[in-house]
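Residue strings, one per chain:
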Amino acid sequence: AQHPLLYLVTYVGKADRMTLQARFLSYFDEKRNLKRPHIGRFLRQYEGFIMFSFCPVVDISIISEIEDELINALVPPLCRRYPDKVSAMVRAFH
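Everything quoted here is computed from the prediction, not taken from an experiment. (Residues numbered from 1 in each chain as written. Predicted model: local features only at pLDDT ≥ 70, side-chain atom pairs only at ≥ 80, totals over all residues. Heavy atoms only, no water.)

1. Details of the overall build of the chain
Thought 1: On a plain count of helices and strands, the chain comes out with four helices and zero strands.
Thought 2: When the helices and strands of the chain are listed from N to C terminus, the series reads α-α-α-α.
Thought 3: Out of the 94 residues in the chain, the part that is buried amounts to 26%.
Thought 4: At a minimum sequence separation of 6, the contacts of the chain that also span at least 24 residues come to 46%.
Thought 5: Put simply, the chain shows about 7700 Å² of open surface, and 60% of that area lies on carbon and sulfur atoms. (Helix = DSSP H or I, 4+ residues; strand = E, 2+ residues; numbered from the N terminus. Buried < 20%, exposed > 50% of the residue type's maximum accessible area, 1.4 Å probe, protein only. Contact = heavy atoms within 4.5 Å. Areas by Shrake-Rupley, 256 points an atom, 1.4 Å probe, with all protein chains shown as cover.)

Quick look at the structure:
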């Protein structure tokens, strides 16, 4: 059967302390790094099926606010830090 493509945002993060390129490459280090093993497992399990996207933010003074709003709206499953708005809800299901 033909199935439509499914896109799911699994992680939201910001690159405010490094370049976007360095942030992108850091995910591939996660495949070997134990700092965030859940991301490494995901990258290994779905290798070849993962797409990376980004949204440029001109005013970096609001980058954390934008990150929080995206996490609140999408509740990505690979995130481990959730804003207060959804934190209790997420803990209830984990």
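Structure shown, so let's carry the discussion forward.
2. Remarks on the pattern of salt bridges
Thought 1: One pass over the structure, following the stated rule, counts two salt bridges.
Thought 2: Taken together, the shared-partner salt bridges connect Lys14, Asp16 and Glu67 into one network. (Salt bridge = Lys/Arg side-chain N within 4 Å of Asp/Glu carboxyl O.)

3. Brief notes about the environment of Glu69
Thought 1: With respect to the helices, strands and loops of the structure, Glu69 is situated in helix H3 (residues 63–74).
Thought 2: Under the relative-accessibility criterion, Glu69 is labelled partly exposed at 45%.
Thought 3: In sequence terms Glu69 and Pro83 are 14 residues apart; their C-alpha atoms lie 8.4 Å from each other.

4. Some thoughts on unusual backbone geometry
Thought 1: Here the phi dihedral of Val75 falls at roughly 45°; this positive angle occurs in a residue that is not glycine.
Thought 2: Take Val75: it is sitting in the loop between H3 and helix H4 (84–93).

5. So, a nonpolar patch on the surface
Thought 1: A cluster of nonpolar side chains, namely Phe24, Leu25, Phe28 and Phe52, defines an oily patch on the protein surface of about 330 Å² accessible area.
Thought 2: With respect to the helices and strands, Phe52 occurs in the loop between helix H2 (37–45) and H3.
Thought 3: The exposure class of Phe52 is partly exposed, given its relative accessible area of 37%. (Patch = residues over 30% accessible without salt bridge, like charges linked within 9 Å, V, L, I, M, F, W, Y side chains within 5 Å.)

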